[in-house]
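Residue-level listing of the chains:
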Amino acid sequence: MFLSLEYERALESLGYDYFDEVAAAEFPCHHLRFRNDQLLPILGLDPQRVTDADFIQAFGKFVGIRPFLALRYHGYQFGEYNSRLGDGRGFLFGQVRGSDGELYDFGTKGSGTTPYSRGADGRLTLKGGVREVLAAEALHGLGVRTSRCLSLIETGEGLWRGDEPSPTRSSVMVRMSRSHIRFGTFERLRYFKRRDLMKMLLDHVIDYYYPHLLPQKDRVEQYRQFYAELVKRVAELAAQWMAAGFCHAVLNTDNMSITGESFDYGPYAFIPTYNPVFTAAYFDYYGRYCYGNQPSICRLNLEMLQQPLGMVIPVADMEAGLAAYEEHYYQAYRQLMLNKLGFEQVNESQGNELLKRTIELLKETQVGYHAFFAELTQQFYPSWRDDVSQIFDQVSFCQSAEQQVLLATWRELYHHILQDLSTDELAKMAERLQEKNPKTALLRPIIEEVWAAIDRDDNWQPFDELVRRLQNSNGAGSLAF
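Here the structure is a predicted model, which is why all the values come from computation and not from measurement.

Undergrad: Help me understand the side chain of Glu132 in this model?
TA: Tracing the chain through its elements places Glu132 in helix α2 (residues 126–141). Among residues more than four places away in sequence, those in contact with Glu132 are Lys109, Cys149, Met173, Arg175, Asp264 and Tyr265.

Here it is, written out as structure tokens:
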């Protein structure tokens, strides 16, 4: 099935200055542990006609499609420039035009060594693969613009990692995303002072991923609009992470997509409570990529991208685009949080005040971030509009007198906004709360519980059930992918 798809040679057409041809590793066995049937219709495939053997043939044994391309890129990692990067344990398997007209990339992870493996084995632990599947499905359910895993195959190899006393299980994963091109792809070209390759890559990105800019006959104007739109997309992505309570953990420039899409989930975590300094990665010693820093780090990465793009785009034009970042971010974050609170439209002053009071309540009480919105969804009733005393009348997260005052202030404001709504709008509000606040929060203990069942008993039922809950969540946004 996958081998019969019509693959496009979009990235390959750029030539060998951007990638290296590589071979896939041969694995001792292949056990399909996850297949994402939700993505198959986008590829024009009927899930009932695609067998597990089809997945294994294409994405485990890597039969039929050539060449495999390991991209070259550099990047700022924890603020330090690294010129020894590139696809070190994966490659671009192929590019397919979806039924929605978009071009999608199949990118591998754990498929073997490449010229950029730097002495590593090019493999992916099974736990790492499981974690990425869960992250992508959870974020998709929360309306985040994200890559998604198409398949996860256990490969039968034992991998030695860190101080582990015994080898861990291995896997190979295929990720479906909008583009394999990163900020770091451009940064590498600046390092080698290749303005010609920079312009060629930028034209390629606009032609394939920003085609709505093509009616502009002037390339310089296309470039200006491209950067301004990328700023908006990244600002909105940061807002989506923050509203979802998600900490990516490794926001290096090589982990930033040129399409403004979220991808590559390593030591991520969903915050248990609202804590701006929450840090997901144990090696982020100074909290550079903590939860609260994500919006500013994304802006900084966009600013750093001006250095390579400045070879072909006037810096003044890019500065003008970047100046709108904070407004894009705040408006997106404000709307997402109001949606989580049940509202679609609230006047600016009331909306700003409700957002401020909600964050203050979450921070001071340290109620579970996801539990707060789940409890709001469960308790909400249209009669709240008529009786303020019914609003959150059964809560246990306010212990001190100061916290009780915060909750009382929040109730009064929430009640005041409800009074402006009609009966029909109240009914829609209940539906919106259900839609925007999934019942399942992917906190670390849940992931560890699922992994323990796999690791200890090879029991995949808890994983399968969790994936089903995430995929069938009422929290799915309007994104088709």
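On we go from here.
Undergrad: Would you explain unusual backbone geometry in this entry?
TA: Trans is the prevailing form of peptide bonds, just as negative phi is the prevailing case for residues other than glycine. Cis geometry is adopted by the peptide bond preceding Pro67, which originates at Arg66 and carries an omega value of -5°. With a phi close to 55°, Phe78 is a non-glycine residue in the positive phi region. Structurally, Phe78 can be placed in the loop between β5 (75–77) and β6 (80–82). With phi around 55°, Asp458 is a residue other than glycine that occupies positive phi space. Tracing the backbone through its elements, the reader meets Asp458 in the loop between α13 (444–457) and α14 (461–471). Its relative accessible area of 38% is what places Asp458 among the partly exposed residues.

Undergrad: Looking at this structure, how should I read the packing of helix α9 (residues 348–365) against helix α11 (residues 401–418)?
TA: Any two packed helices are characterised by the angle at which their axes cross and by the distance between the axes. At a minimum axis distance of 10 Å, the contact between α9 and α11 shows a crossing angle of 155°. Taken together, the axis directions place α9 and α11 in an arrangement best described as roughly antiparallel. Note that α9 runs across α11; the crossing there is left-handed. Touching Gln350, Glu353, Leu354, Arg357, Thr358, Glu360, Leu361, Glu364 and Thr365 of α9 are Gln403, Leu406, Leu407, Thr409, Trp410, Leu413, Tyr414, His416 and Ile417, all from α11. Partitioned by chemical class, the residues of the contact of α9 with α11 number eight nonpolar, six polar and four charged.

Undergrad: Sorry, what's going on with the pattern of salt bridges here?
TA: Pairing between side chains of opposite charge can happen when their charged atoms approach one another. Counting across every chain of the model gives 34 salt bridges. Lys127 is the partner of Glu448 in a salt bridge, and the nearest nitrogen-oxygen pair spans 3.1 Å. Here Glu448 is found in helix α13, whereas its partner Lys127 is found in helix α2, with 321 residues between them in sequence. Look at Lys127 and you get partly exposed, because its relative accessible area is 24%.

Undergrad: Would you explain the environment of Glu327 in this entry?
TA: For Glu327, the location among the structural elements is in helix α8 (residues 325–340). A relative accessible area of 48% means that Glu327 is categorised as partly exposed. With 271 residues separating them in the primary sequence, Glu327 and Ile56 have C-alpha atoms 46 Å apart.

Undergrad: I tried to follow the pairing of strand β4 (residues 68–71) on my own but got confused; where do I start?
TA: Along a regular strand, successive side chains alternate from one face of the sheet to the other. Side chains of β4 alternate between two faces, with Phe68 and Ala70 and Leu69 and Leu71 buried alike. Judged from the four bridges that link them, strand β2 (residues 19–22) and β4 form a sheet pairing that is antiparallel. Paired with Phe19 across the bridge in β4 is Leu71.

Undergrad: Can you help me understand the packing of aromatic side chains in this one?
TA: The description of two aromatic rings rests on the distance between their centres and on the angle between their planes. Enumeration according to the criterion identifies 43 aromatic pairs in this entry. Summarising the aromatic geometry, the rings of Tyr7 and Phe106 are spaced 6.3 Å apart at their centres and angled 80° between planes, so their arrangement reads as edge-to-face. With Tyr7 in strand β1 (residues 7–8) and Phe106 in strand β8 (residues 103–109), this residue pair connects regions lying 99 residues apart in the sequence. Comparing Tyr7 with Phe106, the two get one shared label, buried. With a centroid separation of 5.8 Å and 90° between ring planes, the pair formed by Phe246 and Tyr265 is classed as edge-to-face. Of the two residues, Phe246 is situated in strand β12 (residues 246–247) and Tyr265 in the loop between β12 and β13 (269–270); the sequence distance between them amounts to 19 residues. Given a relative accessible area of 1%, Tyr265 falls into the buried group.

Undergrad: Help me out: how do you make sense of helix α4 (residues 195–209) in this one?
TA: Since one α-helical turn is 3.6 residues long, residues separated by three or four positions face the same way. Between the first and last C-alpha of α4 there are 21 Å, a value that for 15 residues agrees with the 21 Å anticipated at 1.5 Å per step. Turning to α4, its buried residues number three or more, namely Leu197, Met198, Leu201, Leu202, Asp203, His204, Val205, Ile206 and Tyr209. At its buried positions, α4 is contacted by β7 (92–97), β8, α3 (183–191), α5 (219–244) and α6 (294–309).

Undergrad: Is there a simple way to explain the packing of α5 against α6 in this structure?
TA: Contact pair α5 / α6: the axes reach a minimum separation of 9 Å and the direction vectors enclose 160°. One element, α5, and the other, α6, form an angle in the roughly antiparallel class. As for the relative orientation of α5 and α6, their crossing is right-handed in sense. The segment α5 lies against α6, with Phe226, Tyr227, Leu230, Val231, Val234, Ala238, Trp241 and Met242 engaging Gln294, Pro295, Cys298, Leu302, Glu303, Leu305, Gln306 and Leu309. The class makeup of the residues in the contact of α5 with α6 is 13 nonpolar, two polar and one charged.

Undergrad: Please explain α5 as it appears in this structure.
TA: In this model, α5 (26 residues) spans 37 Å end to end at C-alpha, consistent with the 38 Å of a helix rising 1.5 Å per residue. Taking the backbone nitrogen of Val220 as reference, a side-chain oxygen 3.1 Å away marks Asp218 as the first, capping residue of α5.

Calculation notes
Residues numbered from 1 in each chain as written. Predicted model: local features only at pLDDT ≥ 70, side-chain atom pairs only at ≥ 80, totals over all residues. Heavy atoms only, no water. Helix = DSSP H or I, 4+ residues; strand = E, 2+ residues; numbered from the N terminus. Contact = heavy atoms within 4.5 Å. Buried < 20%, exposed > 50% of the residue type's maximum accessible area, 1.4 Å probe, protein only. Axes fitted to C-alpha atoms, helices over the stretch in contact; angles between N-to-C directions. Parallel < 35°, antiparallel > 145°, perpendicular 65-115°, else oblique. Left-handed = near helix turned anticlockwise from the far one by under 90°. Nonpolar A, V, L, I, M, F, W, Y, C, P; charged D, E, K, R; others polar. Salt bridge = Lys/Arg side-chain N within 4 Å of Asp/Glu carboxyl O. Pairing = 2+ DSSP bridges. Phe/Tyr/Trp six-rings, centres within 6.5 Å; stacked < 30°, edge-to-face > 60°. Expected span 1.5 Å × (residues − 1). Polar contact = N/O pair within 3.5 Å; in protein donor to acceptor, adjacent residues only side chain to side chain.

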